[in-house]
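Read off the chains here:
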Amino acid sequence: MKNSFRQSMNWLHTWSGFVFAWLLYFIFVTGTLGYFEDEIDRWLKPEMTPVAQQIDNREILINAEQHLTQVADNSPSWYISYPANRSPFVNISWLQLADPANNIDKEWREKNIDLNTNQVVDVRDTAGGMTLYRLHYNLHYIPSTIAYIIVSLATMFMLIGLITGVIIHKKIFIEFFTFRANKGLRSWLDIHNIMSVLPLPFHLMITYSGLLLLMSVSMIGVINSNFGAGKDDSKKFYKLATAEHSEQQQTLIKPQDLSADTVLLDAQARYPTQNISYIGVLKRTTDDVHYEVWFDNHQGIELVSHLTYHQHEGQIVVDISGEKVGEAAQIYDLLEHLHEGLFADIYLRWLYFLSGLMGCAMIATGCIIWLNKRLKNANPNKLFDRTYTLARLNIAVVVGLPIALAVFFYSNRLLPIEMANRAQWEMHSLFISLGLGLIICLFHPNKHLWRNSLWLCALSFLILPLVNFLTTGHNLFSSFLQQDWQMLAFDLTMLATGAASAWAALALGQKANLSQTGVNS
Amino acid sequence: MRVFTALVAGFVFANQSASLIAYYLPSANTVDNIVAGKMLSFIVWALVVIYVFAAKSAKQTFVLLLLVCAVALAWMSHLELVFKS
């Protein structure tokens, strides 16, 4: 198309990167937060009491079963979750059956148990870390199938951007070690290169595996033509594709003794080194009760996932699930685990998080470069000049999204506890503030737009720990004394984010005009 | 033109290649072959996109890809992967 291969690839890199850049930025930011889903969830539920003492698995079980019998005796499925590294809590959850008479929907419910007082704790209604993490592929407001297709398409553009990015850099290693500060566009290009090349394996892995995770939606035609169309076929396909090697062994448990307690003892005897993370009681209301024991899956990349105890021909047997049957399915699993990083310990998790942040920075700097090349020829005095409008909207996304996330955290603390649909309103506040940010950025004068929005961002994050203290009593000192590391780390991370944003605002302080070289241009 | 060729024809050909890869893989596990075919199809798609934008003439590339897709479609219907009776 252009004169040389490299030039055409340069064009492709520019445009494939730009078209979905804001959506990709959104996906990267929310996805990166997803690596700390459990930790964020803990902050969003300040009522939960972390378990600090040594625990006895059986004692917790008996305790949890008592509580479950009280609140959910007619439910077909129970789960009891044990304290794990990333979630040091005892929780009970159950499938609440629909009760139209009392306006109750069929849904999973969860409650926390405080081991000190042995009481069930009422946790505030919150969207939780899960909803925040799901944002990066379901986009919240639109039907999930459409969201998956949009996200897949954006991810494909990202993959093209990455491949062409590698192609156009002849001297990828030399350029990697070059940084020219205060040189306007060159400096942004250098930052863009560092943010792209340093975590390049991460970027490639996350993009490709992201495509794979949604391929059953985006490539549905393949299943239809090679396997069969229709709902039953696709269910059957999914079941076969995710089939695991399963081995059935006899147990010494007598049928009349089958209970969560005997199952727990048997599982502990079989795998004495594994930590138990969940015990499930399924098909409770039938004669064919199944007990599941799940192990903590942060102990290596291959998961010994779970054991299932049930009655079979008059005896109690245990199904031990292993790896996937298919070879392609195993590779798929590996990539999925790499994408989700479930196996990562706290250090690797931070590395994931930092790589994700660098991905966000890569996209943001890419946008800034694209805009700066064009702002030179644009007219700053014209109302709604196209390039200037894009530059303003870019700020509304790049800085506005973190601010919107801060607003989400505020809404968790400040919305009335008894409010109806509280969890939904937390998400609404996120998107309302994102929308407000777009409007404000459109009408704010060019001058100081970067600086002011960065200051706003800094303030929102710096004040958050204070609001946390005023509304819940959790503060840095009490969290430290109670060894509540997740609460402590969250507050510290908020302060660090605020500080970083303030530093950026100060650095841009002198030259904070949209059109000045070196700042935004 | 190139954008259309790369996105639409690329997507169609990626799907076709996934079906064909799944068909020709030696393993007896059909479902697993489909999973493999789909995983590889994204790479096929990416390569098609790069090719379309690197080629000299947009029109020729479009016609070429149209032909390739048509041949693949004919081959698939020969294997009864599409147009099943």
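About the cut-offs
- Residues numbered from 1 in each chain as written.
- Chains lettered and ligands numbered in written order.
- Predicted model: local features only at pLDDT ≥ 70, side-chain atom pairs only at ≥ 80, totals over all residues.
- Helix = DSSP H or I, 4+ residues; strand = E, 2+ residues; numbered from the N terminus.
- Buried ≥ 20, exposed ≤ 12 C-beta atoms within 10 Å, placed from the backbone.
- Contact = placed C-beta atoms within 7 Å.
- Pairing = 2+ DSSP bridges.
- Axes fitted to C-alpha atoms, helices over the stretch in contact; angles between N-to-C directions.
- Core = buried A, V, L, I, M, F, W, Y, C linked by C-beta atoms within 7 Å.
- Domains from an automatic or database assignment.
- Nonpolar A, V, L, I, M, F, W, Y, C, P; charged D, E, K, R; others polar.
- Expected span 1.5 Å × (residues − 1).
- Parallel < 35°, antiparallel > 145°, perpendicular 65-115°, else oblique.
- Left-handed = near helix turned anticlockwise from the far one by under 90°.

**Considering the overall build of chain B**
Secondary structure summary: chain B contains three helices and zero strands in total. Going from N to C terminus, chain B has its helices and strands arranged as α-α-α. Evaluated residue by residue, chain B yields a buried proportion of 40% over its 85 residues. Residue pairs at least 24 apart in sequence account for 69% of intrachain contacts in chain B once pairs closer than 6 positions are excluded.

**Concerning the sheet that holds strand β3 (residues 107-114) of chain A**
Residues and elements named next belong to chain A. Taken in spatial order, the nine strands make up an open sheet running β4-β3-β2-β1-β6-β7-β8-β9-β5, and their pairing is antiparallel. At either end of the open sheet lies a strand with only one pairing partner, and these are β4 (119-121) and β5 (244-250). For this sheet, the mean inter-axis angle between neighbouring strands, taken without regard to orientation, is 25°. Relative to strand β7 (residues 290-295), strand β6 (residues 276-282) runs antiparallel, the two sharing six bridges. Counted as the bridge partner of V281 is Y291 from β7. Of the strands in this sheet, β1 (78-81), β2 (90-96), β3, β4 and β6 are in contact with helix α4 (residues 57-72), which crosses β2 at around 35°.

**Here we look at the nonpolar core**
One broad rule of soluble globular proteins: the nonpolar side chains tend to lie buried together. Counting residues in hydrophobic clusters, the biggest one holds 106 residues, and the most contacted among them are Y25(A), L159(A), I363(A), V35(B) and V49(B). Residue-level mapping places this core at the junction of two domains, with at least three residues from each of domain 1 (1-41 + 126-243 + 325-364) and domain 3 (376-521) of chain A. Contact partners of L159(A), with chain neighbours within four places excluded, come to T207(A), Y208(A), L211(A) and A46(B). The next biggest cluster of nonpolar side chains, apart from the first, holds 31 residues, and it includes F89(A), L264(A), V281(A) and I316(A).

**Remarks on the interface of chain B and chain A**
With 25 residues of chain B in contact, the opposing surface of chain A contributes 28 residues. Elements supplying a minimum of two residues to the side of chain B that touches chain A: α1 (2-24) and α2 (30-54) of chain B. Per element, the largest residue contribution to the side of chain B that touches chain A is 16 residues, and it comes from α2(B). The class makeup of the residues in the side of chain B that touches chain A is 17 nonpolar, five polar and three charged.

**Topic: the domain arrangement of chain A**
Residue and element names in this part refer to chain A. What the domain assignment lists for chain A is domain 1 (1-41 + 126-243 + 325-364), domain 2 (57-125) and domain 3 (376-521). Computed from C-alpha coordinates alone, the two centres of domain 1 and domain 3 are separated by 24 Å. With 13 residues of domain 1 at the interface, the matching set in domain 3 holds 13 residues. Of all the secondary-structure elements, those providing two or more residues to the side of domain 1 that touches domain 3 are α2 (21-34) and α3 (37-44). Broken down by element, the side of domain 1 that touches domain 3 gets its largest block of residues, four residues, from α2. Classifying every residue of the side of domain 1 that touches domain 3 gives seven nonpolar, five polar and one charged.

**Some thoughts on the pairing of strand β8 (residues 306-312) of chain A**
Residues and elements named next belong to chain A. As defined by bridge partners, β7 adjoins β8 across four bridges and the pair is classed as antiparallel. Its bridge partner being in β8, W294 is matched across the sheet by H306. Inspection of the sheet shows β8 paired to strand β9 (residues 315-324) by six bridges, in the antiparallel sense. Within β9, the residue paired with H312 across the bridge is Q315. Where β8 folds back on β9, the antiparallel hairpin that results is connected by two residues, among which E313 adopts a positive phi of roughly 50°.

**Some words on unusual backbone geometry**
Residues and elements named next belong to chain A. Of note, the phi angle at H140 is positive, near 70°, even though the residue is not glycine. The class of H140 is partly exposed, set by 17 C-beta atoms lying within 10 Å. A positive phi angle is found at N421, which is not glycine, with a value near 55°. Residue placement: N421 occurs in the loop between α17 (400-414) and α18 (422-443).

**Overview of helix α9 (residues 200-213) of chain A**
Taking 1.5 Å of rise per residue, 14 residues should cover 20 Å, and α9(A) covers 20 Å from first to last C-alpha, within 8% of that figure. Those residues of α9(A) that fall on the buried side of the exposure criterion are H203(A), I206(A), T207(A), Y208(A), G210(A), L211(A), L212(A) and L213(A). Looking at the packing, one finds that the buried side of α9(A) touches α6 (144-168), α8 (185-197), α10 (215-218), α14 (327-340) and α15 (346-375) of chain A together with α2 of chain B.

**Some details on the packing of α9(A) against α14(A)**
Residues and elements named next belong to chain A. Between α9 and α14, whose axes approach to 9 Å, the crossing angle comes to 120°. On the basis of the axis angle, α9 is oblique to α14. At the point where α9 passes α14, the crossing takes the left-handed sense. From α9, M205, I206, S209, G210, L212 and L213 reach across to α14, where they touch Y332, L335, E336, L338 and H339. Among the residues making up the contact of α9 with α14, the classes are represented as seven nonpolar, three polar and one charged.

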